[in-house]
Amino acid sequence: MVTVEDITSLAVFDRIWLACPCDGFEARTVTNCGTLDYEPFFDDYNAFVPGEFIFTTLGFAQADPALAEDAVLKMMDRDVAALAIKPVAMKSVTKRIAQASLEAGVPIFFYDGRYLERIITEAMNLIDADSESSKQAAMVDKLLAPADSSRVRNLIFQIAGATGSAIQCIAATPQSPDEAALHALRGQLGGLLQEYALRFPDVEASHVMLYQGIVLGFISFSRKPQTVITIAEADLSMLASQIPGMHCGISQELPLEEGDLAIRQALASLSTAQQEEANAIRWSQLRLDAFHAAASTDRLFARTSQHIYDLLDEYDRTHGSELRTTAEAYAAAFGDVKATSEALFQHPNTVRYRIKKVKEAIHAEFLTDKELAAVLVMARIAQTRI
């Protein structure tokens, strides 16, 4: 947003000074610049719009002080942002103009020097640059905006036909992945969810689909999500366990507008089920792995954690040290120096010395040892499964 103060601060003026002060004039918004070069015919001051910063010599009224005063008053009636007058036809303001300026809040300036065209060009460049920045800022806001709940609900409806209050997601894959097994699993999971719906009358809809070599299943409920681990969730896990030869992950029951999180939970649970060669894993069973999944999904958290390891790696390369190994062991021991020294087969004093160097390497000398351990544990959560 360009203000009157921004325009009057441009270096293009030889001198510009305030003739009529009024409250808050500096912050008045300027949307355009214009000139008053001649007396508008038929009193057509409507060509000037609110928010314009108007420049004029009032040359058309040089022999008629009353006409000059009338022109200034009518410009203020149009609620222009400000009026800058080159003192040719008017060298000082009248009492009527001063009073009108005070009442309307429209400041009057006098200015000296420079070609008017150059002043207008500089002012418009400032306004155009601000407009472009505003457009770019709106795009940044859109880029950084969190998930919109109505948008998520709409997408979940388009994907799964869900219109209820709560949703749960299942992500499944055959243990021996091939196209035939994947389509067979889709049919089995679809039948399982239909059976599940018969057991629980508050199930509003169910749906299965293929997504990047994974079967996704959705269950929506007419009721709100139930608290923590529900009987229905345990029953769903038991039913899923009856399908042989598959790994699956099951999300919590979440509000429909958090359907995107339900998908993320199911996929993270499936990843754990695959690693542990388990049939079915619920999100509520992940414990620390849940934090790993959340941290690794959040790109800012993951990038911050990676930055810590990058600093340690750089230090190790430069000094031929093993700070990263020490930091990882220290995090795994949750800050216990004795346990760290035993894991590394190093003397506790060696570990303490290296921990001091870790602080220096990551520019965290101000942290206590306990605080450092907390930081390293968070970084480790984002990097590896515990």
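Described in the following lines is the structure provided in the data block. These figures come from a predicted structure and were not determined experimentally.

1. Focus: the overall build of the protein chain
Argument step 1. Looking only at helices and strands, one finds 14 helices and eleven strands in the protein chain.
Argument step 2. Taken over C-alpha atoms, the radius of gyration comes to 35 Å for the protein chain, far larger than the 21 Å a tight globule of 386 residues would show.
Argument step 3. In terms of overall dimensions, the protein chain has C-alpha extents of about 100 × 65 × 35 Å along its principal axes.
Argument step 4. Within the protein chain, the proportion of its 386 residues that are buried is 44%.

2. Overview of the packing of aromatic side chains
For any pair of aromatic rings, the description consists of the separation of the ring centres together with the inter-plane angle of the planes.
Argument step 1. Under the counting rule described, the total for this entry stands at eight aromatic pairs.
Argument step 2. Centroid distance Trp 17 to Phe 110: 6.0 Å. Interplanar angle 35 degrees. Geometry classified as tilted. With a gap of 93 residues between them, Trp 17 in strand 1 (residues 15–20) and Phe 110 in strand 5 (residues 108–112) connect regions that are remote in the sequence.
Argument step 3. Trp 17 gets classed as partly exposed once you look at its relative accessible area, which sits at 27%.
Argument step 4. Joined through ring pairs, the aromatic side chains of Phe 13, Phe 25, Phe 53, Phe 55, Phe 109 and Tyr 111 make up one cluster.
Argument step 5. Between Arg 15 and the ring centre of Trp 17, over which it is positioned, the NZ or CZ distance is 3.9 Å.

3. Thoughts on helix 11 (residues 323–332)
Argument step 1. Of all the positions in helix 11, only Leu 323, Thr 326, Ala 327, Ala 329, Tyr 330 and Ala 331 are classed as buried.
Argument step 2. Immediately downstream of helix 11, the backbone of Phe 334 shows phi near 50 degrees, a positive value.

4. Comments concerning helix 13 (residues 348–361)
Argument step 1. With 14 residues, helix 13 should cover 20 Å at 1.5 Å per step; its first-to-last C-alpha distance of 20 Å lies within 8% of that length.
Argument step 2. Within the sequence span of helix 13, burial applies to Val 351, Arg 354, Ile 355, Lys 357, Val 358, Lys 359 and Ala 361.
Argument step 3. Contact partners of the buried residues in helix 13: helix 10 (299–319), helix 11, helix 12 (337–344) and helix 14 (369–383).
Argument step 4. Positive backbone phi, approximately 60 degrees, marks His 363, located one or two places after helix 13.

5. Some details on the nonpolar core
Argument step 1. Residues Leu 312, Tyr 330, Val 358, Ile 362, Leu 372 and Leu 376 are the most contacted members of the largest nonpolar core, which totals 25 residues.
Argument step 2. Those elements that place two or more of their residues in this core are helix 10, helix 11, helix 13 and helix 14.
Argument step 3. When residues of this core are assigned to their parent elements, the largest contribution, seven residues, is made by helix 14.

6. Section: the packing of helix 10 against helix 13
Argument step 1. Orientation of helix 10 relative to helix 13, taken along the N-to-C sense of each, is 115 degrees, at an axis distance of 9 Å. In this view, helix 10 runs roughly perpendicular relative to helix 13, as classed from their interaxial angle. Judged by the sense of rotation from one axis to the other, the crossing of helix 10 with helix 13 is right-handed. Taking contact as the criterion, the partners of Leu 311, Leu 312 and Tyr 315 in helix 10 are, on helix 13, Lys 357, Val 358 and Ala 361.
Argument step 2. Of the residues belonging to the contact of helix 10 with helix 13, the class tally is five nonpolar, no polar and one charged.

7. Comments concerning the pairing of strand 7 (residues 203–211)
Argument step 1. Sheet topology note: the strand 7/strand 8 (residues 214–221) ladder contains eight bridges and is antiparallel. Within strand 8, the position partnered with Ser 206 by the bridge is Ile 219.
Argument step 2. If you look at the hairpin formed by strand 7 and strand 8, you'll find two residues sitting between the two strands, and Gln 212 has a positive phi there, around 50 degrees.

8. Digging into the pattern of salt bridges
If charged atoms from side chains of opposite charge come close, those side chains can pair.
Argument step 1. Within this structure, the stated rule accounts for twelve salt bridges.
Argument step 2. Close ionic contact of Arg 28 with Asp 79 constitutes a salt bridge, the shortest N to O distance being 3.0 Å. A residue pair is termed long-range when its members are at least 10 positions apart, and Arg 28 in the loop between strand 1 and strand 2 (32–36) and Asp 79 in the loop between helix 2 (65–77) and strand 4 (82–85) qualify at 51 residues.
Argument step 3. Here Arg 28 falls in the buried class, since its relative accessible area comes to 18%.
Argument step 4. Asp 79 sits in the partly exposed class, given a relative accessible area of 36%.
Argument step 5. Overlapping salt bridges bring together Asp 202, Arg 223 and Glu 253 as one network.

9. Structural notes on unusual backbone geometry
For residues other than glycine, phi is negative in most cases, and the peptide bonds are mostly trans.
Argument step 1. Unusually for a residue other than glycine, Leu 58 sits at a positive phi of about 55 degrees.
Argument step 2. Within the secondary structure, Leu 58 sits in the loop between strand 3 (52–56) and helix 2.
Argument step 3. Overall, Leu 58 belongs to the buried group, its relative accessible area being 0%.
Argument step 4. Positive phi is not limited to glycine here, since Phe 334 has a value of about 50 degrees.

About the cut-offs
- Along every chain, residues carry numbers that run from 1 in the direction the sequence is written.
- Reporting in this predicted model follows two pLDDT cut-offs: at least 70 for local features of residues, and 80 or more for side-chain atom pairs to be given and counted; totals over whole chains, interfaces and linings ignore these cut-offs and use all residues.
- As a rule here, side-chain values come from all non-hydrogen atoms in the structure, and water together with hydrogens is ignored.
- The way it works is that DSSP assigns letters per residue, a run of H or I at least four long becomes a helix, a run of E at least two long becomes a strand, and they are numbered from the N terminus.
- The size measure is the radius of gyration over C-alpha atoms, and the globule rule it meets is 2.2 Å times the number of residues to the 0.38 power.
- Whether a residue is buried, partly exposed or exposed follows from its accessible area with a 1.4 Å probe, protein chains only, as a fraction of its type maximum: under 20%, in between, or over 50%, in that order.
- We call Phe, Tyr and Trp rings a pair once their centres come within 6.5 Å, taking the six-membered ring for Trp, and we label the pair stacked below 30 degrees between planes, edge-to-face above 60, and tilted otherwise.
- By definition here, charges over rings are those cases where NZ of Lys or CZ of Arg is within 6 Å of the ring centre and within 35 degrees of the ring normal.
- One less than the number of residues in a helix, times 1.5 Å, gives the span that helix is expected to have.
- The contact definition used throughout considers only heavy atoms, calling two residues in contact when any of these lie within 4.5 Å.
- Put simply, buried Ala, Val, Leu, Ile, Met, Phe, Trp, Tyr and Cys residues joined by side-chain atoms within 4.5 Å make one nonpolar core.
- Where helices are involved, their axes are fitted lines through C-alpha atoms of the stretch in contact, as for all axes, and angles between N-to-C directions lie from 0 to 180°.
- In these notes the angle categories are as follows: under 35 degrees is roughly parallel, over 145 is roughly antiparallel, 65 to 115 is roughly perpendicular, and the rest is oblique.
- In this scheme, a crossing is called left-handed if the near helix is turned counterclockwise away from the far one by less than a right angle; it is called right-handed if the turn is clockwise.
- Residues were grouped as follows: Ala, Val, Leu, Ile, Met, Phe, Trp, Tyr, Cys and Pro as nonpolar; Asp, Glu, Lys and Arg as charged; and all remaining residues, including Gly, as polar.
- When DSSP finds two or more bridges between two strands, those strands count as paired.
- A pair is scored as a salt bridge if a Lys or Arg side-chain nitrogen falls within 4 Å of a carboxyl oxygen belonging to Asp or Glu.

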